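# Descriptive analysis of the structure
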Amino acid sequence: MRIVVAGVGKRSIKVLAYLRAAMPEMQIVGYVDPSPRLVPALEEPDPIPAYDSVDKMLAETKAGLLFVGSPNHLHLGHIAAGLRAGVRVFSEKPIVTTHDQTWALADLLAEYGTDRLIIGLVLRYAPQMKDLRRALDAGQLGKIVSLEANEHIEPQHGGFFMRDWRRYTAYSGGFMLEKCCHDIDLFHMITGSRPQRVASFGGRRTFTPENAPTRNSDIALFHQIPSLWETTDDPFRSDADIIDHQTAILSFENGVTMSFHTNINTPDQSRHFCVIGTRGMAEGDLHRGYLRVTAAQTAERLLDVDYTQDPDLQIDHYGSDRQMTRELAAYLRGDITDLPVSVVDGIEAGLSAMALDQARTTGQIVDLTQIWARLDAYGLRNPVPAHAV
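Definitions and limits used
Residues numbered from 1 in each chain as written. Predicted model: local features only at pLDDT ≥ 70, side-chain atom pairs only at ≥ 80, totals over all residues. Heavy atoms only, no water. Pairing = 2+ DSSP bridges. Helix = DSSP H or I, 4+ residues; strand = E, 2+ residues; numbered from the N terminus. Axes fitted to C-alpha atoms, helices over the stretch in contact; angles between N-to-C directions. Salt bridge = Lys/Arg side-chain N within 4 Å of Asp/Glu carboxyl O. Contact = heavy atoms within 4.5 Å. Buried < 20%, exposed > 50% of the residue type's maximum accessible area, 1.4 Å probe, protein only. Polar contact = N/O pair within 3.5 Å; in protein donor to acceptor, adjacent residues only side chain to side chain. Core = buried A, V, L, I, M, F, W, Y, C linked by side-chain atoms within 4.5 Å. Phe/Tyr/Trp six-rings, centres within 6.5 Å; stacked < 30°, edge-to-face > 60°. pLDDT = per-residue confidence, 0-100.

Strand order in the open sheet formed by five strands is E2-E1-E3-E4-E5, and the pairing between neighbours is parallel. Both edges of this open sheet fall to strand E2 (27-32) and strand E5 (117-120), since each of them pairs with a single strand only. Across the sheet, the mean angle from the axis of one strand to that of its neighbour is 20°, orientation sign disregarded. As paired strands, strand E3 (residues 65-68) and strand E4 (residues 88-92) are joined by four bridges and run parallel to one another. Paired with Leu65 across the strands is Arg88, a residue of E4.

Quick look at the pattern of salt bridges now. The full count for this structure, using the stated rule, is 26 salt bridges. Residues joined by salt bridges that share partners form a network here, namely Lys93, Asp164, Arg166 and Glu178.

Spatially, nine strands are ordered E13-E12-E11-E10-E6-E9-E8-E7-E14 in an open sheet, and the strand pairing comes out mixed. With partners counted over all chains shown, the strands left at the sheet margins are strand E13 (301-306) and strand E14 (366-367), one partner each. Sheet topology note: the strand E11 (residues 280-285)/strand E12 (residues 290-295) ladder contains six bridges and is antiparallel. What sits directly across from Ala282, in E12, is Val293. Helix-sheet contacts for helix H5 (residues 127-137) involve strand E6 (144-152), strand E10 (272-277), E11, E12 and E13, and the interaxial angle to E12 is about 15°.

What follows concerns the environment of Arg2. Relative to the assigned elements, Arg2 resides in strand E1 (residues 2-6). Take Arg2: its relative accessible area is 34%, and that puts it in the partly exposed class. Once the C-alpha coordinates of Arg2 and Asp244 are considered, the two residues, 242 residues apart in sequence, prove to be 40 Å apart. Once you skip the residues sitting within four places of it in the chain, Arg2 turns out to touch Gln27, Val29, Thr61, Lys62, Ala63, Gly64 and Leu65. Of the polar contacts made by the side chain of Arg2, one reaches the backbone oxygen of Thr61; its length is 2.8 Å.

With 117 residues, the main nonpolar core has Leu66, Ile95 and Leu105 as its most contacted residues. Apart from residues lying up to four places away in sequence, Leu66 is in contact with Val4, Ala6, Val54, Met57, Leu58, His78, Gly82, Val87, Arg88, Val89 and Phe90.

Within the fold, Thr262 resides in strand E9 (residues 257-263). Given the relative accessible area of 0%, Thr262 is considered buried. A distance of 2.8 Å separates a polar atom in the side chain of Thr262 from the backbone oxygen of Glu151. What Thr262 contacts, discounting residues up to four positions off in sequence, is Glu151, Ile153, Phe175, Cys180, Asp244, His245 and Gln246.

Under the definition given, this model contains 11 aromatic pairs. Relative to Phe161, the ring of Phe160 lies with its centre 5.8 Å away and its plane at 65°, an arrangement referred to as edge-to-face. Since its relative accessible area comes to 5%, Phe160 is described here as buried. Among the aromatic residues, those joined into a cluster by ring pairs are Trp165, Tyr168, Tyr171 and Trp229.

What follows covers the environment of Tyr171. Mapped onto the fold, Tyr171 is located in helix H7 (residues 169-172). Sequence-wise, Tyr171 and Pro71 are 100 residues apart; in three dimensions their C-alpha atoms are separated by 6.6 Å. Residue contacts for Tyr171: discarding those within four places in its chain leaves Asn72, His73, Thr97, Trp165, Trp229 and Glu230.

Cis geometry marks the peptide bond from Lys93 to Pro94, where omega comes out at -20°. Among the structural elements, Pro94 can be located in the loop between E4 and helix H4 (99-112). A positive phi angle, close to 60°, is found at Ala299, a residue other than glycine. Positionally, Ala299 belongs in the loop between E12 and E13. Notably, Asp316 is not glycine yet its phi reads approximately 50°, a positive angle. Residue placement: Asp316 occurs in the loop between E13 and helix H10 (320-333).

Moving on to the side chain of Glu348. The topology assignment puts Glu348 in helix H11 (residues 343-362). Other than its neighbours up to four places away in sequence, Glu348 contacts His188, Arg194, Trp372, Leu375 and Arg381.

The next point concerns the confidence of the model for the protein. Summing up the model confidence of the protein, the mean pLDDT is 95 and the portion of residues at 70 or higher is 98%. In the predicted structure, residues 383-389 sits below a pLDDT of 50 and forms 14 contacts with residues beyond four places in sequence or in another chain.

Note: E10 against E11, five bridges, orientation antiparallel. Bridging from a neighbouring strand, Cys274 pairs with Glu283 of E11. Between E10 and E11, which pair antiparallel one after the other, the connecting turn spans two residues. Hairpin connection of E11 to E12: four residues between the antiparallel strands, including Gly289 at a positive phi of 75°.

Now the structure itself:
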């Protein structure tokens, strides 16, 4: 398969390396990037032609797949170019960054279909999530009642966000959308539903001038992850407009309730979830690598897995990057017909993230009833999973 790339950043390099391993027959035949510092990492064995526009690249390369790894606010234009050129498109998350972009994308999907756009919401490919999905489908938890979750991020990563282009909401769509849309998508999957009403609180209290470190060793901690575009040096005095902590509560259409917390200055990282149903409970942590499913009435342990025993599951989204590209390769070859996450799932996760930020900035409970009605009118949404009925 001939592949072209819009945006050769660190994420593109990693995913394409895994895809090349899963699909040795693929050829990268062109790229667009105004600052191609990482392109040499893709040039094995031959140099890759550079283009000054995605449209020209698509017209001249006869590619079968456009890989969109550009900054978030540029995704829509690149996706549209790929769909209009008649190729399949893989887009990194989040697909789009605003409501207006969402409805423009929905218009495109209504015209070109949803099967041509693949979304890189990678966490559904994680072993823990596959095992949890099997437990849900087997009815081991019964009907989901409530859940709680967090994403606690190390200071090194937090410093990166405050120095990188992602610090601007205009580019990233905001922290909740940029970083936590993975998690929101998992909540949708677990509950088999979408949020109906949300509230959220948060702000920037850690990465502020009064908390700036003074020792060189402490300063170096916040520069461990390099930024490649629109970089600023000091994460504590940057012009970022994103938050560094946020707490949210959500009430889903099917009656499930949940709470979610994120903070980007957490030395002991975790990505914890606890799902409580009428028949059992599932508790796990993607970062710490475990999943336990327990029957409610008997306290019998139905599943107890330690994923830390496999070193491949300790890197690159807990092994999800490798698994996603394996399944993507099989999908592109026609060996499988479905992937665990769809573009509609990505749109719904994005709209939920936008609602959470709207609730945070307005101080109001946000009702998504009309948002979902507008989206559903396009006829794009997948059927509700059986365990949510």
